[in-house]
Amino acid sequence: MTMTNKNDSLFSRAQKTTPGGVNSPVRAFRSVGGTPRFITRAEGPYFWDAEGQRYIDYIGSWGPAIVGHAHPAVVKAVQEAAARGLSFGAPTEAEILMAEEICRLVPSIEQVRLVSSGTEATMSALRLARGATKRDKIIKFEGCYHGHADSLLVKAGSGLLTFGNPTSAGVPEDFTKHTLVLDYNDPQQLEDAFKAYGTEIACVIVEPVAGNMNLIKATPEFLQTMRRLCTDYGSVLIFDEVMCGFRVGLGGAQALYGIQADITALGKVIGGGLPVAAFGGRADLMQHMAPLGGVYQAGTLSGNPVAVAAGLSTLKLVQEPGFYQHLSAQTTKLVEGLSAAAKAANISFCADSQGGMFGLYFAQEIPGSYASVMASDKEKFNRFFHLMLDAGVYLAPSAFEAGFVSAQHDDAVIAATIEAAKQAFAQLH
Ligand SMILES: *Cc1c(COP(=O)(O)O)cnc(C)c1O
């Protein structure tokens, strides 16, 4: 007689009081099938589920856990801040320190405002761009995710260069008719769009290293064209670096590509696992924010002292000498090891990485667009995911999400992952 699996019983219980049993859809394992693991604790590169099963964690809370889970310095900073009070609704010096760090480290940010989620950051950046330019229309790219604000839950319209349609029920078409959705890494389409609508475009928003359609890197030409067109037409260039900021390298994707955004959205890593996000950029643009200007934005828990303590201590750790070299080297070892294992097993597979972010593709070639990533073998990924999960390796539960390595993923952890993958690939035929 077998005992009930604790993950199964927690999932059944969760579904009674929470829609789908989860507080964010991807956690439900809908894409890969099976029962989500309920996590009880995490440390370094690992977390443990309700059954006491340990996993090597490659989602790192979808990015924030860059220094490893429950890092002693971060935990200590959080405990000390908590003991001084949880929230004041009045300014603190820690918020200044956080703003100073962000302005110093991210090339294009002169002023910044702290918020509590990436969704808030991009939504506010969009409002700022529209307020500052007095224009309504925006451009986004298929496959990029920018949080769940109404005007960003949009897919391409029926024809080329037609405005978009909602991807979620409850989003009025009136809200999305100002959003033009273009193909990622297609500079010509961007040229055509600006030729048609340039003087009406408030902003272009992009993930400069895309991590929400698996990992897809922008080509330099794509980002350079975007920068030039925005400058020429007086549109605001928004880099959504909520995921790639402090993940692909210290100054984010903009430092990597050497391109200045006008506004940047940050999140994930800058909160170190607690809710901190931010948007910032050129001071002349940021002056449009209330209380100075007419663009309204506010938050009861914005710049929360406990969350900021986690963020500040995380940002301190990532500035230790060699941090990103090490992170990048470990991620490279992982993707090279996985690629070699797949090749030995004669599986059509490739992998790519940037800093501490990686992509795994059951495809012949590394994809460069949403359409090409969607054409990868999802069914093979799903089987691979479950084989790896059974072997104690937790990958993102979807073929269309990026993966994340932490600085605590040492050589032994990477080797154990590759060993598990060898066994998994062998069973995939
Ligand atoms: C995660 C993410 C967001 C949304 O952030 P939340 O904190 O989940 O609201 C926005 N943009 C990008 C690129 C992201 O990866």
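None of the values given here were measured: they were computed from a predicted structure. Position labels on residues start from 1 in each chain and follow its written sequence. Where local features are concerned, this predicted model is filtered to residues with pLDDT of at least 70; where side-chain atom pairs are given and counted, the filter is 80 or more; whole-chain, interface and lining totals use all residues. Water and hydrogen atoms play no part in the side-chain values, which are based on all heavy atoms of the structure.

## A closer look at the overall build of the chain
Where helices and strands are cited, they refer to DSSP runs of H or I of at least four residues and of E of at least two residues respectively, numbered from the N terminus. Each helix and strand in the chain was counted, giving 14 helices and 18 strands. Over its C-alpha atoms, taken along the principal directions, the chain stretches across nearly 65 × 55 × 45 Å. Going through the 429 residues of the chain one by one, you find that 55% of them count as buried. Should any heavy atoms of two residues lie within 4.5 Å, those residues are counted as being in contact. Counting only contacts in the chain whose residues sit at least 6 apart along the sequence, the fraction spanning at least 24 positions is 72%. Averaged over its 34 positive side-chain charges, the chain has a centre that lies 4 Å from the centre of its 40 negative ones. Per-residue accessibility, obtained with a 1.4 Å probe over protein chains only, is compared with the maximum for each type, and a residue is labelled buried under 20%, exposed over 50%, and partly exposed between these values. Only four residue types enter the charge count: Lys and Arg as positive, Asp and Glu as negative, with His and the chain ends excluded. Just so you know, the charge point we use is NZ for Lys, CZ for Arg, CG for Asp and CD for Glu.

## Things to note about the sheet that holds strand S15 (residues 350–354)
Think of it this way: DSSP has to see at least two bridges between two strands before they count as a pair. Across the sheet, three strands lie side by side as S15-S16-S18; this open sheet has antiparallel pairing. At either margin of the open sheet sits one strand with a lone partner, and together these are S15 and strand S18 (403–404).

## Here's the deal with the site of the ligand
Summary of the distance rule: residues count as near a molecule or strand when at least one heavy atom falls within 4 Å of that molecule or strand. The full set of residues close to the ligand is Ser 117, Gly 118, Thr 119, Tyr 145, His 146, Gly 147, Glu 207, Asn 212, Asp 240, Val 242, Met 243 and Lys 268. In protein, a polar contact requires one atom able to donate a hydrogen and another able to accept it; more generally it is a pair of N or O atoms within 3.5 Å, and residues adjacent in sequence count only if both atoms are side-chain atoms. The backbone of Tyr 145 places a nitrogen or oxygen atom 3.3 Å from a nitrogen atom of the ligand.

## A few points about the domain arrangement of the chain
Partitioning the chain into structural domains gives domain 1 (6–70 + 321–426) and domain 2 (72–318). One C-alpha centre belongs to domain 1, the other to domain 2; they are set 25 Å apart. Taken together, the 31 residues of domain 1 in the interface contact 31 residues of domain 2. Interface area for domain 1 against domain 2, summed over the two sides, is near 2,500 Å², with a carbon-plus-sulfur share of 63%. Area buried by domain 1 at its contact with domain 2 is led by Tyr 324, Gln 354 and Met 357, which between them contribute 26% of it. Here, a salt bridge means any side-chain nitrogen of Lys or Arg that lies within 4 Å of a carboxyl oxygen of Asp or Glu. Our count for the domain 1 to domain 2 interface comes out at one salt bridge. Asp 352 is paired through a salt bridge with Lys 217; the nearest N and O atoms lie 3.1 Å apart. Each domain's extent is set by a domain assignment, obtained either automatically or from a database. Buried surface area refers to the total accessible area, computed with a probe of radius 1.4 Å, that the two partners give up upon joining, counted for both partners together.

## A short note on the environment of Met 123
Looking at the secondary structure, you find Met 123 in helix H4 (residues 118–133). For Met 123, a relative accessible area of 31% corresponds to the partly exposed category. For the pair formed by Met 123 and Leu 182, sequence separation is 59 residues and the distance between their alpha carbons is 19 Å.

## Digging into the pairing of strand S13 (residues 263–266)
The side-chain alternation of S13 yields two buried faces, one formed by Ile 263 and Ala 265 and the other by Thr 264 and Leu 266. With three bridges joining them, strand S12 (residues 236–240) and S13 adopt parallel strand pairing. By the bridge assignment for S13, Asp 240 is matched with Ala 265. A crossover connection joins S12 to the parallel S13 through helix H8 (residues 252–257); in handedness this β-α-β unit is right-handed. As judged from the four bridges shared by S13 and strand S14 (residues 277–281), these two strands associate in the antiparallel manner. Bridging across to S14, Leu 266 finds its partner in Ala 278. With the strands pointing away from the viewer, any crossover whose connection runs clockwise from the first strand over the helix to the second is right-handed.

## Some words on the packing of helix H2 (residues 72–83) against helix H10 (residues 305–318)
Between two packed helices, the angle of one axis relative to the other and the distance separating the axes together describe the packing. At a closest axis distance of 8 Å, the pairing of H2 and H10 adopts a crossing angle of 155°. Our classification of the angle between H2 and H10 gives roughly antiparallel. Relative to H10, H2 is oriented so that their crossing is right-handed. Contacts between H2 and H10 involve Ala 73, Val 74, Ala 77, Val 78, Ala 81 and Ala 82 from the former and Pro 305, Val 306, Ala 309, Ala 310, Ser 313, Thr 314 and Leu 317 from the latter. Angles run from 0 to 180 degrees between N-to-C directions of axes, and those axes are lines fitted to C-alpha atoms, restricted for helices to the stretch in contact. Oblique is the label for every angle not falling under 35 degrees (roughly parallel), over 145 degrees (roughly antiparallel), or within 65 to 115 degrees (roughly perpendicular). By convention the crossing between two helices is left-handed if the near helix lies anticlockwise of the far one by an angle smaller than a right angle, and right-handed if it lies clockwise.

## A word on the packing of helix H3 (residues 93–105) against H10
In the contact formed by H3 and H10, the axes pass within 10 Å of each other and the chain directions differ by 35°. As for how H3 packs across H10, the hand of that crossing is left-handed. Contact with H3, carried on its side by Ala 94, Glu 95, Leu 97, Met 98 and Glu 101, involves Val 308, Gly 311, Leu 312 and Leu 315 of H10 and no other residues of that element.

## Here's the deal with the packing of aromatic side chains
By convention, a stacked pair of Phe, Tyr or Trp rings (six-membered ring in the case of Trp) has centres within 6.5 Å and planes under 30 degrees apart, an edge-to-face pair has planes over 60 apart, and any other such pair is tilted. Under the criterion given, the structure shown has 22 aromatic pairs. When the ring of Tyr 58 is compared with that of Phe 358, the centres are 5.8 Å apart and the planes differ by 80°; the resulting orientation is edge-to-face. Highlighted residues: Tyr 58 in the loop between strand S3 (54–57) and H2 and Phe 358 in strand S16 (residues 357–361), separated in sequence by 300 residues. Exposure remark for Phe 358: the relative accessible area of 3% places this residue in the buried category.

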